[in-house]
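Given next are the chains, with one letter for each unit.
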Amino acid sequence: MQQRICFIDNTLTLVDACIDLSEYEIEYASHIARSERGDKLWVFDQINSRILLIDLNQKGKIVQEIRNAQGLMNMAQMVEMIEFDSKLYLLDSSKKITIIDNINL
């Protein structure tokens, strides 16, 4: 099955059940980033150009969503996505960095 996220420990043992991204209506997750809040995860749905903050403890719950992300931010193809110090950093193929602030929920 594709579009699943699984966590493993240093012995390559599955830690918990895998997360099926189809439960969040994500068609093609091209990038994921860990949130500083341990129970949340950022996902970029490339087909729908959405950036989602999903809650790992509540199946199917989307905490925050940015629709038409590439169009709104005039981004080329996304290369990397990182959350640091309560800001989400997006790097695209043209080497442009977009910073999204106030992501505390």
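Here, the structure is the one placed above.
Residues numbered from 1 in each chain as written. Predicted model: local features only at pLDDT ≥ 70, side-chain atom pairs only at ≥ 80, totals over all residues. Heavy atoms only, no water.

**Let's talk about a nonpolar patch on the surface**
Move 1: On the surface, a cluster of nonpolar side chains totalling about 330 Å² of accessible area is made up of Ile8, Leu12 and Leu14.
Move 2: In this fold, Ile8 is placed in the loop between strand S1 (4–5) and strand S2 (19–20). (Patch = residues over 30% accessible without salt bridge, like charges linked within 9 Å, V, L, I, M, F, W, Y side chains within 5 Å. Areas by Shrake-Rupley, 256 points an atom, 1.4 Å probe, with all protein chains shown as cover. Salt bridge = Lys/Arg side-chain N within 4 Å of Asp/Glu carboxyl O. Helix = DSSP H or I, 4+ residues; strand = E, 2+ residues; numbered from the N terminus.)

**As for the pattern of salt bridges**
Move 1: By the definition in use, this model includes 7 salt bridges.
Move 2: Here Arg37 ties to Glu83 by a salt bridge, and the two come within 3.4 Å at their closest N and O atoms. Placement of the pair is Arg37 in the loop between strand S3 (29–34) and strand S4 (40–45) and Glu83 in strand S7 (residues 78–84), with a sequence separation of 46 residues. The pair Arg37 / Glu83 is uniform in exposure class, with both members buried.
Move 3: Residues participating in the shared-partner salt-bridge network are Asp45, Arg50, Glu65 and Arg67. (Buried < 20%, exposed > 50% of the residue type's maximum accessible area, 1.4 Å probe, protein only.)

**Comments concerning the side chain of Lys40**
Move 1: When you line up the elements, Lys40 lands in strand S4.
Move 2: Residue class for Lys40 comes out buried when judged on its relative accessible area of 13%.
Move 3: Residues contacting Lys40, with those up to four places away along its chain left out, are Ser35, Leu53, Ile54, Asp55, Leu56 and Val63. (Contact = heavy atoms within 4.5 Å.)

**What to know about the sheet that holds S4**
Move 1: Spatially, 4 strands are ordered S3-S4-S5-S6 in an open sheet, and the strand pairing comes out antiparallel. Taken across any chain shown, the strands that pair with only one partner, and hence form the sheet edges, are S3 and strand S6 (62–66). Averaged over all pairs of adjacent strands, the angle between strand axes in this sheet comes to 20°, irrespective of strand direction. (Pairing = 2+ DSSP bridges. Axes fitted to C-alpha atoms, helices over the stretch in contact; angles between N-to-C directions.)

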